[in-house]
Amino acid sequence: MADVLTVTCLVDNTALMGSDCWAEHGEAFLVETDNAKVLFDTGSSGDVLAHNLAVLDKDLENLSTIVLSHGHYDHVGGLERAILLSGYVDVVAHPAVFGSAGPEPRDARLLSREGAQLVPDRILDDQSLVLTTSAGLVVIMGCCHAGLINTLEHVSRTFEGGVFAVLGGTHLAHADETTLRESVAAAK
């Protein structure tokens, strides 16, 4: 259980006006506790990751683990650069991170390669990072393709303690009003 937890957003679609940080489509979070340092996702390119690490006076030295939420380029595109910056490091990912298959497509616009064909990506590798803190659970999501409500219900069934904070992507930008209302209620 982490008493002191620092989460730094290293890559995001936006950067604060006046900030020296760069933005790109993608996501990466650096999670630091007293005894661990974890990179959750790596952004699209690695260039933005490296630049923002320098701007924010952070580094990937002594990184214990890189955790990948899923295999889409905007979450794993900077993996090679992250490994170069950190040296030897464990990478934790779902077995389907570099290819998906399964019964139900989530978004027909998202494709994965099966043999020579592109087919709808079923995103079986969708994962979130759950941190146990003295204040409660902190859930960091990549894109939450499985849905915010489904993800938070799974976290509640799997982990003890209530959810204290939810960070990261939710893919709710095009959700209807009912879905938004239900998602906000689930996150409370």
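Residues numbered from 1 in each chain as written. Predicted model: local features only at pLDDT ≥ 70, side-chain atom pairs only at ≥ 80, totals over all residues. Heavy atoms only, no water.

**Observations regarding the overall build of the chain**
Thinking step 1. A count of helices and strands for the chain gives five helices and ten strands.
Thinking step 2. Each of the 188 residues in the chain was classed as buried or not, and the buried ones make up 40%.
Thinking step 3. Pairs at least 24 residues apart make up 61% of the contacts formed inside the chain by residues separated by at least 6 positions.
Thinking step 4. Accessible area for the chain stands at about 10500 Å²; split by element, carbon and sulfur atoms hold 53% of it. (Helix = DSSP H or I, 4+ residues; strand = E, 2+ residues; numbered from the N terminus. Buried < 20%, exposed > 50% of the residue type's maximum accessible area, 1.4 Å probe, protein only. Contact = heavy atoms within 4.5 Å. Areas by Shrake-Rupley, 256 points an atom, 1.4 Å probe, with all protein chains shown as cover.)

**Quick look at the environment of leucine 63**
Thinking step 1. Position of leucine 63 relative to the elements: it lies in the loop between helix 1 (47-55) and strand 4 (65-67).
Thinking step 2. Remark: the alpha-carbon pair of leucine 63 and leucine 85, spanning 22 residues in sequence, is separated by 9.4 Å.

**Description of the nonpolar core**
Thinking step 1. Ranked by size, the top nonpolar core spans 17 residues in total, and within it Leu10, Leu39, Leu49, Leu60, Leu63 and Ile66 carry the most contacts.
Thinking step 2. When residues of this core are traced back to their parent elements, those giving at least two are strand 1 (5-11), strand 2 (28-33), helix 1 and helix 3 (79-86).
Thinking step 3. The residues contacting leucine 39, other than those within four sequence positions of it, are Leu10, Ala28, Phe29, Leu30, Leu49, Leu60, Leu63, Thr65, Ile66, Val67 and Ala82. (Core = buried A, V, L, I, M, F, W, Y, C linked by side-chain atoms within 4.5 Å.)

**Describing unusual backbone geometry**
Thinking step 1. The backbone of aspartate 41 sits at a positive phi, close to 70°, despite the residue not being glycine.
Thinking step 2. Structurally, aspartate 41 can be placed in the loop between strand 3 (37-40) and helix 1.
Thinking step 3. A positive phi angle is found at asparagine 62, which is not glycine, with a value near 60°.
Thinking step 4. Its location among the elements puts asparagine 62 in the loop between helix 1 and strand 4.
Thinking step 5. Of the residues examined, asparagine 62 reaches a relative accessible area of 72% and is grouped as exposed.

**Examining the sheet that holds strand 4**
Thinking step 1. Taken in spatial order, the five strands line up as 1-2-3-4-5 in an open sheet, and their pairing is mixed. The open sheet has two edge strands with one neighbour each: strand 1 and strand 5 (90-92). The average angle at which neighbouring strand axes cross in this sheet is 20°, direction not considered.
Thinking step 2. Bridge count for strand 2 against strand 3 is four bridges, and the pairing is antiparallel. Bridge assignment links phenylalanine 29 to a residue of strand 3, and that residue is phenylalanine 40.
Thinking step 3. With respect to the sheet, helix 1 is in contact with strand 1, strand 2 and strand 3, its orientation differing from that of strand 1 by roughly 130°. (Pairing = 2+ DSSP bridges. Axes fitted to C-alpha atoms, helices over the stretch in contact; angles between N-to-C directions.)

**Describing helix 1**
Thinking step 1. Every buried residue belonging to helix 1 is among Val48, Leu49, Ala50, Asn52 and Leu53, and all of these are buried.
Thinking step 2. Where helix 1 is buried, its residues touch strand 1, strand 2, strand 3 and helix 3.
Thinking step 3. Within two residues after helix 1, aspartate 57 carries a phi angle of roughly 55°, on the positive side.

**Remarks on the pairing of strand 9 (residues 136-141)**
Thinking step 1. Counting buried positions along strand 9 yields six of six residues, so the element is predominantly enclosed.
Thinking step 2. Here six bridges tie strand 8 (residues 128-133) to strand 9, and the two strands are oriented antiparallel to one another. Residue pairing for strand 9: leucine 131 is matched across the bridge by valine 138.
Thinking step 3. Turn length for the strand 8-strand 9 hairpin, with the two strands adjacent in sequence and antiparallel, is two residues.

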